[in-house]
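Summary of the model geometry
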Amino acid sequence: MTTVYLGTLAHLRGNPFVRPNALEIIADGALWVDGDGRIAGYGRAGEAPETGERVDFGAAWLLPGLIDAHLHFPQYYAVAAANRGLLSWLRETVYPEEAAFRDAGYAAGVARALVARLLRGGVTCACVFGSQYLEATGALFEAAGQAGLRLIAGVTLMDRNGPDELLTTPERAWWANETLLERYGGDPRLHLALTPRFALSCSPQLLAMCGEFRRRHPQVYLQTHINETLEEIAAVQRAFPDAWNYLDVYERYGLLGPRTLLAHDIHPQSAELRRMAESECRVVHCPSSNLFLGSGLFPLRRHVEHGIPLALGSDIGAGLHLSVWEELSEAYKIQRLQGETPTAAQLLYLATLGAAEALELGGEIGNFLPGKAADFFVLDPGGDDYLDARLQRCPTLEARLFVLMQLAGSGHVRRTFVAGRPVSP
Ligand SMILES: [Zn+2]
């Protein structure tokens, strides 16, 4: 049976960094969804099928489900700690909290809370650094599977430069990933990502294990960090003196490719950007995290010029926002500080269709094209007098969308759907 959802629709029909008019906004629009949770069509309300159930969201906006392409499960309660930059923040705040996930019961509670919170903020797909503990990361997969969140995740791997209780060995890391693949690999919404924390946390043997695992299982993702702070980059150079640059550390162990997600990349060398493009790596920009840790200003234009697929991440717990919608305003401001002016279309693309394409999920999610899964959320400015009045004064629908990016937050998300099924309140 078809269900028709009414509201203002906004989505991308292409890449707005290369194609003008990629943004489509339809006031008094409709999205119709078939009984399998697939989008059957969209258009003006008057064009919708007259049969089936109608759900009218009035003046609210219907937007494609958000994709948070980088966050840390065991840092859910480590957000907003005062810090003196990445490396000291890891030692003083993050590692102690991550060690608490040895308690599988505690981890399961946090997993349910995190997943519910993401869905409540309009996030329908997330790439997550799991716990160092297998059972805790298993609890994350269970919570996502039960609630409906699309998940790309794995055990966070580190075997040096951290407290003993968080360290693994290449053999245990292999076994943990095999276990997760066996348990969850059959679910089309759950994906394994090898997750070496970053070069400084990993011995050459652990990185080599990741490369070997990927050769054996080419469908798995690989997520890690790169070029986040200058202090970190200098430390990587000391730890891997033979490497040409930070990216080369990962390349030496066979970790680059289209399913490789590199978070941050705030300070890349041009040679690294060229090599990322050639090897089809994807980069995840984490705006509020970069500001909060004082890591630097993401060079968006250089990445776009190299044609590197991009996504956005909340980077909880260095970031502050549990909905990646709230990262759009931060992303805009980071570009303004560099003299750039991203459009509403470009910002929306980074959190929806662009991210879906970066994750090789563009055929399944990211916009409202018929045949895709009906992943969307309802952003409702109603009930917020000031926001409503401000929107009334916008000359265009695109201007309204931009204002929503700056002033609306997860508190304005009324409902979230995955594959046509409501997954939050
Ligand atoms: Zn991170």
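Parameters at a glance
- Residues numbered from 1 in each chain as written.
- Predicted model: local features only at pLDDT ≥ 70, side-chain atom pairs only at ≥ 80, totals over all residues.
- Heavy atoms only, no water.
- Pairing = 2+ DSSP bridges.
- Helix = DSSP H or I, 4+ residues; strand = E, 2+ residues; numbered from the N terminus.
- Donors = N, O, S within 2.8 Å, 3.2 Å for Na, K, Ca; no water.
- Tetrahedral: all angles 85-135°; square planar, octahedral: opposite > 155°, others 65-115°.
- Buried < 20%, exposed > 50% of the residue type's maximum accessible area, 1.4 Å probe, protein only.
- 1 Å grid on protein atoms, 1.4 Å probe; cavity = no way out; pocket = protein on both sides within 12 Å on 5 of 7 lines; lining within 4 Å.
- Points joined across faces, edges and corners; volume = space filled by probe spheres on them.
- Nonpolar A, V, L, I, M, F, W, Y, C, P; charged D, E, K, R; others polar.
- Lys, Arg positive; Asp, Glu negative; His and termini not counted.
- Salt bridge = Lys/Arg side-chain N within 4 Å of Asp/Glu carboxyl O.
- UniProt positions renumbered as here; feature names shortened; annotations may be inferred.
- Patch = residues over 30% accessible without salt bridge, like charges linked within 9 Å, V, L, I, M, F, W, Y side chains within 5 Å.
- Areas by Shrake-Rupley, 256 points an atom, 1.4 Å probe, with all protein chains shown as cover.

1. Some points on the pairing of strand S3 (residues 39–44)
As defined by bridge partners, strand S2 (residues 23–33) adjoins S3 across five bridges and the pair is classed as antiparallel. Residue pairing across strands places leucine 31 opposite tyrosine 42, the latter belonging to S3. In sequence, S2 turns back onto S3 through a hairpin of five residues, with glycine 37 there showing a positive phi of about 80°.

2. Examining the coordination of the zinc ion
Every protein donor of the zinc ion is accounted for by His70 (NE2), His72 (NE2), His225 (NE2) and Asp315 (OD), and the metal-donor separations fall at 2.1 to 2.5 Å. If you look at the zinc ion, its four donor atoms make angles of 89 to 169° with each other, and the shape they trace is irregular. Mapped onto the polypeptide sequence, the residues donating to the zinc ion form the spacing pattern H-x1-H-x152-H-x89-D. Grouping residues by exposure puts histidine 70 and histidine 72 together as buried.

3. Some thoughts on the side chain of threonine 416
Residue position: threonine 416 is located in strand S15 (residues 413–418). Accessibility expressed as a relative area gives 0% for threonine 416, which makes it buried.

4. Observations concerning empty space enclosed by the protein
Applying the stated criterion across every chain yields a total of three cavities of 30 Å³ or more. Roughly 100 Å³ of volume is contained in the largest cavity. Taken together, His72, Gln75, Leu86, Trp89, Leu90, Arg197, Phe198, His225, Glu228, His264, Asp315 and Ala318 make up the lining of the largest cavity. For the lining of the largest cavity, the element with the highest residue contribution is helix H1 (residues 86–99), accounting for three residues. Looking at the lining of the largest cavity, its residues break down into five nonpolar, four polar and three charged. Computed from the structure, the second largest cavity encloses a volume of approximately 50 Å³.

5. Thoughts on the side chain of glutamate 228
Along the chain, glutamate 228 turns up in the loop between strand S10 (221–226) and helix H6 (230–239). Arginine 197 provides the closest opposite charge to the buried, unpaired glutamate 228, separated from it by 8.5 Å.

6. Some thoughts on the UniProt feature "domain: Amidohydrolase-related" (unreviewed entry) in the protein
As recorded in UniProt, the sites labelled "domain: Amidohydrolase-related" (unreviewed entry) are residues 62–423. In the segment residues 62–423, helix accounts for 44% and strand for 17%; the C-alpha atoms at its two ends are 15 Å apart.

7. Focus: a nonpolar patch on the surface
Among the surface-exposed residues, Leu291, Leu297 and Leu337 lie close enough to one another that they form a single nonpolar patch of about 260 Å² accessible area. Relative to the helices and strands, leucine 337 resides in the loop between helix H11 (325–336) and helix H12 (344–351).

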